[in-house]
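Survey of secondary and tertiary structure
So the chains spell out like this:
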Amino acid sequence: MIRLRYDDRYIVELSRAAVFDDIPYIPQEDLNWVYIFTKSIEQNIVGLLFTAIAKIPEKFKPDEKLFLRWKQKMLETIAITSKQFLEYEKINKCALKKNIPIITLKGAYIRKKYPVPELRTMGDFDILVNNTNINMIKSLLIENGYSISKDLFGITADNANAHWEVFVSMEQEFVYDSDYWNKEIFNNVEFVDGQYTLNPTFFLAHLIIHTGRHYIETGAGIRNLCDIALYIRDNKSKIDFTKLEEICCAQNFVKIYNYILNAVHIWYGVDLSEVNFEKKETDKFIEYFLLNGIFGRHDNVLLRQFSLDERENSKGLKRLFFPPAKTLQNRYKYLRKYPFLLPIAWIQRIIYGKVGKKINFSRMFKDVRGAARYSDERIQWMKELDLVDKH
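A few points on the structure. Quantities reported herein were computed from a predicted structural model and do not represent experimental measurements. Counting of residues starts from 1 at the beginning of each chain's written sequence and follows it residue by residue. At least 70 in pLDDT is required for a residue's local features to be given in this predicted model, at least 80 for side-chain atom pairs to be given and counted, and no such filter applies to totals for whole chains, interfaces and linings, which use all residues. Only heavy atoms go into the side-chain values, all of them from the structure, while hydrogens and water stay out.

**So, the packing of helix α11 (residues 254-268) against helix α12 (residues 283-290)**
Spelled out, the test is: For helices, the fitted axis covers only the stretch in contact; all axes are lines through C-alpha atoms, and the angles between them, taken along N-to-C directions, range from 0 to 180 degrees. A run of DSSP states H or I qualifies as a helix once it reaches four residues; a run of E qualifies as a strand once it reaches two. Both are numbered from the N-terminal end. With respect to orientation, any angle under 35 degrees is reported as roughly parallel, any angle over 145 as roughly antiparallel, any angle of 65 to 115 as roughly perpendicular, and every other angle as oblique. Whether two residues touch is decided by their heavy atoms; if any such pair falls within 4.5 Å, the residues are in contact. Note that Gly is not counted as nonpolar here; it falls among the polar residues with everything else outside the nonpolar set of Ala, Val, Leu, Ile, Met, Phe, Trp, Tyr, Cys and Pro and the charged set of Asp, Glu, Lys and Arg.
Here α11 crosses α12 at 90°, and the two axes come no closer than 10 Å. With respect to α12, the element α11 is oriented roughly perpendicular. Contacts between α11 and α12 involve I256, Y259, I260, A263 and W267 from the first element and D283, F285 and I286 from the second. Among the residues forming the contact of α11 with α12, the class breakdown is seven nonpolar, no polar and one charged.

This is the structure we're talking about:
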């Protein structure tokens, strides 16, 4: 396993400075800026980090050519997210006008807290609506030019500029005693800054649990920690940390809760001196936020099924390329309800991996032993976090 290196640590420092509009500490002269640039693209924070890099004294900045490339990436990020945010504001305004409460989750809400909101990249807008309002929000999205697809927990909507995931339930995240927690979530909604969202304790609980589930599957990224650090800093006095720990414990994410609070305190400098949590050493925890895995982040869910004991027989390869429904149901949600459609999911995964180049199949064949070693180390780490088979 690659251990956390100085360049990795400086990525986190740049992210801290960027989200808190601060000046990063002076880097070592042998800093590998090309590595940081490449890793920041993988982490989808390349534009965000530029704002921190721009504050570094000239002597320590990347060379001019790379600096200008970085600046161009930052401008591209702003161009893309500006269109996305306009779509969000339009739909939110229409929903409010029609008296349809849409509960804004995760980045769609947190982005406004960033020094430059347009540099908080968005894959999609996640919103929660009461089941009684799903048809109204569906009609509203269609009226605004979106194509709609049905999802196990609601609907998805797409146009040229934005992708929406509209949930009627949070059971994909709050999997234990989901009926109870769904009611609790809907009972803890507030209206802030022109948006419906969860109250700070439940909002942060969802962020932590969502991050934990990604940590198990395809892997979480530094942007998740940026969101959490920024949210805690701005809402610390409003968060009931005793209740927060209770919620995370109920979903078997109490160790993730403790590690995240340690990471936010140690790496991002958020003062949590008055909060009671178990102290942890966080290097390995951070390492897995930065490490996509030897085959890319979408392969982690597959490699978890592949162990050293199976590397020399067909069983290991079969599980790697044709995993069980439980392994794939987080990506192909219809498997939760219709597990007999597993062969369809296999076909979709192969097409997605080959055409979208998300899964490097040729490399899998070439380095099966490497996959096995990585898988075993990752499984061991997940066991330490009590995260094995928690999805």
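**A closer look at the pairing of strand β2 (residues 125-128)**
Counted only if it meets this: Any residue under 20% of the maximum accessible area for its type is buried, any over 50% is exposed, and the rest in between are partly exposed; the area is computed with a 1.4 Å probe on protein chains only. Here, any two strands with at least 2 DSSP bridges between them count as paired.
Where burial is concerned, the two faces of β2 agree: the one with F125 and I127 and the one with D126 and L128 are both buried. Across two bridges, the pairing between strand β1 (residues 103-104) and β2 is antiparallel. Residue pairing across strands places T104 opposite I127, the latter belonging to β2. Where β2 lies against strand β5 (residues 163-167), four bridges are found, and the strand directions are parallel. Residue pairing across strands places I127 opposite V166, the latter belonging to β5.

**A short note on the sheet that holds strand β4 (residues 154-158)**
Spatially, β3-β4-β5-β2-β1-β7-β6 is the arrangement adopted by the seven strands of the open sheet, whose pairing is mixed. The open sheet has two edge strands with one neighbour each: β3 (147-151) and β6 (189-192). In terms of strand pairing, β3 meets β4 through five bridges, oriented antiparallel. Looking at β4, one finds that I148 is bridged to A157. Packed on one face of the sheet, helix α8 (residues 200-216) meets β1, β6 and β7 (195-198) and runs near 70° to β7.

**Considerations on unusual backbone geometry**
One non-glycine residue with positive phi stands out, namely N44, at about 60°. Residue position: N44 is located in the loop between α2 (33-42) and α3 (46-53).

**Considering the packing of aromatic side chains**
Keep this limit in mind: When the centres of two rings from Phe, Tyr and Trp lie within 6.5 Å, Trp using its six-membered ring, the rings pair. Their planes under 30 degrees apart give stacked, over 60 give edge-to-face, and anything left gives tilted. Here, over-ring charges are defined by two tests on the NZ atom of lysine or the CZ atom of arginine: distance to the ring centre within 6 Å, and angle to the ring normal within 35 degrees.
Considering all chains together, one arrives at 22 aromatic pairs under this definition. Taken together, a centroid distance of 5.9 Å and an interplanar angle of 85° make the contact between W33 and W70 edge-to-face. Pair noted here: W33 is in helix α2 and W70 is in helix α4 (residues 64-97), with a separation of 37 residues, a long-range link. Each member of the pair, W33 as well as W70, is classed as buried. Among the aromatic residues, those joined into a ring-pair cluster are Y6, Y10, Y25, W33, F37 and W70. Above the plane of the ring of Y35 lies R5, whose end atom (NZ or CZ) is 3.9 Å from the centre. Over the face of the ring belonging to F277 we find K279, whose NZ or CZ atom lies 4.2 Å from the ring centre.

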